[in-house]
Amino acid sequence: MSKGLLIVVSAPSGCGKGTVLAEVLKNDNFYYSVSATTRAPREGEVDGVNYHFLTKEKFEELIATGGVLEYAQYCGNYYGTPKKAVEDKLCEGRDVILEIEVQGAMKIKEACPEAVFIFILPPSVDTLKQRLEKRGTETAEVIEKRVSEARGEIEKAYNYDYVIVNDDLNEAVSDFIKVVEAEKLTVRRSRQLIDNVLGK
Ligand code: 5GP
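Along each chain, the written sequence defines residue order, and numbers are assigned to residues from 1. The predicted origin of the model limits local features to residues at a pLDDT of at least 70 and limits the giving and counting of side-chain atom pairs to 80 or more, whereas totals for whole chains, interfaces and linings rest on all residues. Just so you know, side-chain values use all the structure's heavy atoms and leave hydrogens and water out.

1. A word on the side chain of Thr 37
Along the chain, Thr 37 falls in strand E3 (residues 36-37). Here the term buried applies to any residue with accessible area under 20% of the maximum for its type, exposed to any over 50%, and partly exposed to those in between, with areas from a 1.4 Å probe on protein chains only. Note on Thr 37: relative accessible area 0%, which makes it buried. Under the rule applied, a polar contact is a pair of N or O atoms within 3.5 Å (in protein, one hydrogen donor and one hydrogen acceptor; residues adjacent in sequence only if both atoms are side-chain atoms). In terms of polar contacts, Thr 37 uses its side chain to reach the backbone amide nitrogen of Arg 39, at 3.0 Å. Under the DSSP-based scheme used, a helix requires at least four consecutive residues in state H or I and a strand at least two consecutive residues in state E, with every element numbered from the N terminus.

Dropping the structure here:
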């Protein structure tokens, strides 16, 4: 069985990435990697589903024991990708989605260059600010901080393989699926197919 695709998805917060991914994940072959974090759960978030919510000490222990594929600090908290689940699912042939910020994504690019990197863009920075305000889960001060971080993050989109603008949800979801399908047909991932046709 061939290994699944490692898909790294980044987007500034408030750009609707969660909604796009929720739709994408209705397809059973995708596996969503549940990250570990030291930030407090937001209302409605469930431990083990949205994140593994850890104390700073537990998180640092995970780093020290090599349990994370990557980690980063974002807005004063640790976020990291638990290694084992990702490796197991890829070996089962599942396409694994890492929803991570840009510093972590660049670490994955070094460690796993075969991964595919997708950046989800908001239609504009203004739309992003409005979406954050509408969500109402952060204070005005945190929103300002997130908008200014978002600008810096969008600058990093140049380092990704694909960009998807989340203006219309259905289009964004369809673009995501197309990217994954096209990526699987690239020659670097399909050498076996050519060999088979040539009887090698
Ligand atoms: P939030 O606090 O809004 O859930 O997430 C803040 C940022 O951390 C988002 O950009 C999210 O993609 C990112 N993030 C979530 N999990 C991870 C992770 O495991 N590693 C890294 N590097 N970033 C993550």
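2. Overview of the sheet that holds strand E1 (residues 6-10)
Read from one edge to the other, the open sheet built from 5 strands follows the order E2-E7-E1-E8-E9, with strand pairing classed as parallel. The open sheet has two free edges, formed respectively by strand E2 (30-32) and strand E9 (162-165), since each of these has just one partner strand. Strand-to-strand twist across the sheet, computed as the mean angle between neighbouring axes with direction ignored, equals 25°. What makes two strands pair is DSSP finding at least two bridges between them. Here E2 runs beside strand E7 (residues 95-99); their pairing, made up of 3 bridges, is parallel. Residue pairing for E7: Tyr 31 is matched across the bridge by Val 96. Set on the sheet, helix H1 (residues 17-24) makes contact with E1, E2, E7 and strand E8 (116-121); between it and E7 the angle comes to about 170°. By definition in these notes, contact holds between two residues if any of their heavy atoms fall within 4.5 Å. Each axis is a line fitted through C-alpha atoms, taken for helices only over the stretch in contact, and angles between the N-to-C directions span 0 to 180 degrees. Against the sheet, helix H4 (residues 102-111) contacts E1, E7 and E8, and its axis sits at roughly 155° relative to E1.

3. Digging into unusual backbone geometry
Positioned with a positive phi, Cys 75 is a non-glycine residue whose angle comes to about 50°. Considering the arrangement of structural elements, one finds Cys 75 in the loop between strand E5 (68-74) and strand E6 (77-82).

4. Some thoughts on the pairing of E1
Consecutive side chains along a regular strand alternate between the two faces of the sheet. Counting buried positions along E1 yields 5 of 5 residues, so the element is predominantly enclosed. Taking every second residue as pointing to the same face, both faces of E1 are buried, with Leu 6, Val 8 and Ser 10 on one and Ile 7 and Val 9 on the other. As defined by bridge partners, E1 adjoins E7 across 4 bridges and the pair is classed as parallel. Opposite Leu 6, over in E7, you have Val 96 as the bridge partner.

5. Focus: the packing of aromatic side chains
Aromatic rings in a pair are described by how distant their centres are and how their planes are angled relative to each other. Pairing of aromatic rings covers Phe, Tyr and the six-membered ring of Trp, with a centre-to-centre limit of 6.5 Å; geometry is then stacked below 30 degrees between planes, edge-to-face above 60, and tilted otherwise. What the rule picks out here adds up to 9 aromatic pairs. Note on Phe 30 and Phe 176: the rings are 6.1 Å apart at their centroids and 75° apart in plane angle, and the pair reads as edge-to-face. Of this pair, Phe 30 sits in strand E2 while Phe 176 sits in helix H7 (residues 169-184), placing them 146 residues apart in sequence. The class of Phe 30 is buried, set by a relative accessible area of 7%. Ring-pair connections join several aromatic residues into one group, and the members of that group are Tyr 51, Phe 53, Tyr 74 and Tyr 79.

6. Section: the site of the ligand
When we say a residue is near a molecule or strand, we mean one of its heavy atoms is within 4 Å of it. Near the ligand you find 16 residues, and of these Ser 35, Arg 39, Tyr 51, Tyr 79 and Glu 101 are the closest. Contacts to the ligand include Arg 39, whose side-chain N or O atom sits 2.6 Å from an oxygen atom. Taking Tyr 51, its side chain carries an N or O atom lying 2.5 Å from an oxygen atom of the ligand. Here the ligand loses 96% of its free accessible area of 510 Å² to cover by the protein chains. Where the shell around the ligand is concerned, the elements lending two or more residues are E5 and E6. Residue-level accessible areas treat just the shown protein chains as cover; the underlying method is Shrake-Rupley with a 1.4 Å probe.

7. Points about the packing of H1 against H7
Running from amino to carboxyl end, H1 crosses H7 at an angle of 60°, the nearest separation of the two axes being 9 Å. One finds that H1 runs oblique with respect to H7. H7 is crossed by H1, and the crossing has right-handed handedness. Packed against H1, whose contacting residues are Thr 19, Val 20, Leu 21, Glu 23 and Val 24, the element H7 presents Leu 169, Ala 172, Val 173, Phe 176 and Ile 177 at the interface. The class makeup of the residues in the contact of H1 with H7 is 8 nonpolar, 1 polar and 1 charged. We call two directions roughly parallel when the angle between them is under 35 degrees, roughly antiparallel when it is over 145, roughly perpendicular when it lies between 65 and 115, and oblique otherwise. Left-handed describes a crossing whose near helix is turned anticlockwise from the far helix through less than a right angle; right-handed describes the clockwise counterpart. Polar here means any residue other than Ala, Val, Leu, Ile, Met, Phe, Trp, Tyr, Cys and Pro, which are nonpolar, and Asp, Glu, Lys and Arg, which are charged; Gly is therefore polar.

Worth remembering: the numbers are spatial, not functional.
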